[in-house]
Amino acid sequence: MQTSAEIWRLLVRASADRRHPWRVVALCTQGEQGPAARSVILRKVQEDNRRLVFYTDRRTDKLREVAACDRVALLCWDAHHRQQLRLTGRAFLETDMAVVDRCWTGVPDAAKRDYGTTQAPGSPLITKDAAGADFTLALAREHFTVLNVEVAEFEFLQLDREQHQRWRHSWREAAGAWEAQPLVP
Ligand SMILES: Cc1cc2nc3c(=O)[nH]c(=O)nc-3n(C[C@H](O)[C@H](O)[C@H](O)COP(=O)(O)O)c2cc1C
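Nothing here was measured: the structure is a model prediction, and the numbers come from that model.

(A) View of the overall build of the protein chain. Broken down by element type, the protein chain carries 5 helices and 9 strands. Projected onto its principal axes, the C-alpha coordinates of the protein chain cover approximately 55 × 35 × 35 Å. By residue count, 22% of the 185 residues in the protein chain fall in the buried class. Counted over contacts in the protein chain with a minimum sequence separation of 6, partners at least 24 positions apart contribute 56%.

(B) Fine view of the site of the ligand. Around the ligand, 15 residues are found, and the nearest of them are Arg38, Thr56, Thr60, Asp61 and Lys62. Ranked by residue count, the leading element in the shell around the ligand is strand β2 (residues 34-41), at 5 residues.

(C) Seen up close, the pairing of strand β1 (residues 24-31). With 8 bridges joining them, β1 and β2 adopt antiparallel strand pairing. By the bridge assignment for β2, valine 24 is matched with isoleucine 41. Linking β1 to β2, which pair antiparallel, is a turn of 2 residues. As judged from the 3 bridges shared by β1 and strand β5 (residues 71-78), these two strands associate in the antiparallel manner. Each bridged residue has a counterpart across the sheet, and for leucine 27 the counterpart in β5 is leucine 74.

(D) Structural view of the environment of aspartate 17. Tracing the chain through its elements places aspartate 17 in the loop between α1 (4-16) and β1. The exposure class of aspartate 17 is exposed, given the 11 C-beta atoms found within 10 Å.

(E) Structural context of unusual backbone geometry. Phi is positive for arginine 50, which is not a glycine, with a value near 60°. With respect to the helices and strands, the residue arginine 50 is situated in the loop between β3 (44-46) and β4 (51-57). Positive phi is not limited to glycine here, since arginine 82 has a value of about 55°. Among the structural elements, arginine 82 can be located in the loop between β5 and β6 (83-93).

(F) Quick look at the nonpolar core. Grouped together as the largest cluster of nonpolar side chains are 28 residues, with contacts concentrated most on Ile7, Trp22, Leu74 and Leu85. For this core, the elements supplying multiple residues, two or more each, are α1, β1, β4, β5, β6 and β7 (144-158). Here leucine 85 is in contact with Ile7, Trp22, Cys76, Phe154 and Phe156, once residues within four sequence places are set aside.

What counts, and where the lines are drawn
Residues numbered from 1 in each chain as written. Predicted model: local features only at pLDDT ≥ 70, side-chain atom pairs only at ≥ 80, totals over all residues. Helix = DSSP H or I, 4+ residues; strand = E, 2+ residues; numbered from the N terminus. Buried ≥ 20, exposed ≤ 12 C-beta atoms within 10 Å, placed from the backbone. Contact = placed C-beta atoms within 7 Å. Near = placed C-beta within 6 Å. Pairing = 2+ DSSP bridges. Core = buried A, V, L, I, M, F, W, Y, C linked by C-beta atoms within 7 Å.

So, in structure tokens, the structure goes:
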């Protein structure tokens, strides 16, 4: 069995290791037309406040969707270890600008360009160089934002030829602890 502490350790490792398969997470929101999923990079993990941290462009659809409904689902799959992790929680934008600035400082220069498009991500491409001949770091910084997800529950599935294992871990606010429940896989 993987305890909740062990799962959080795995998530911390995934956020720090570029090759860890759990670093690319499917983030699912409630879209206008139904569920919407996309890959995002897990940037930081804060076990003490149950937070997963992602970077994105404030003009993206996912943020419009989170503003309308902050309940999100996340999905990770490690094919090598045959481990699936499903999480649910509440998404919200980071409001501490000092934190956002620190995150921005850590973004490699080449990746900063991704935030500098003059047209919003997902809008019809009008100019050939939407990435912006008139790219400025200041504009890119304006578009950059940090999305937190406070995890309420997660479910770990270990595939195993002998015996699959499935555990649900639910946050119990009153106890200030995770409650683990084995499930029929
Ligand atoms: C491997 C991979 C990693 C990605 N990482 C991020 C990310 O960290 N943040 C982000 O906003 N988009 C990331 N994207 C792009 C998103 O999947 C998505 O296309 C984009 O954010 C627009 O999504 P939306 O229109 O649903 O908001 C990544 C895509 C891939 C394939």
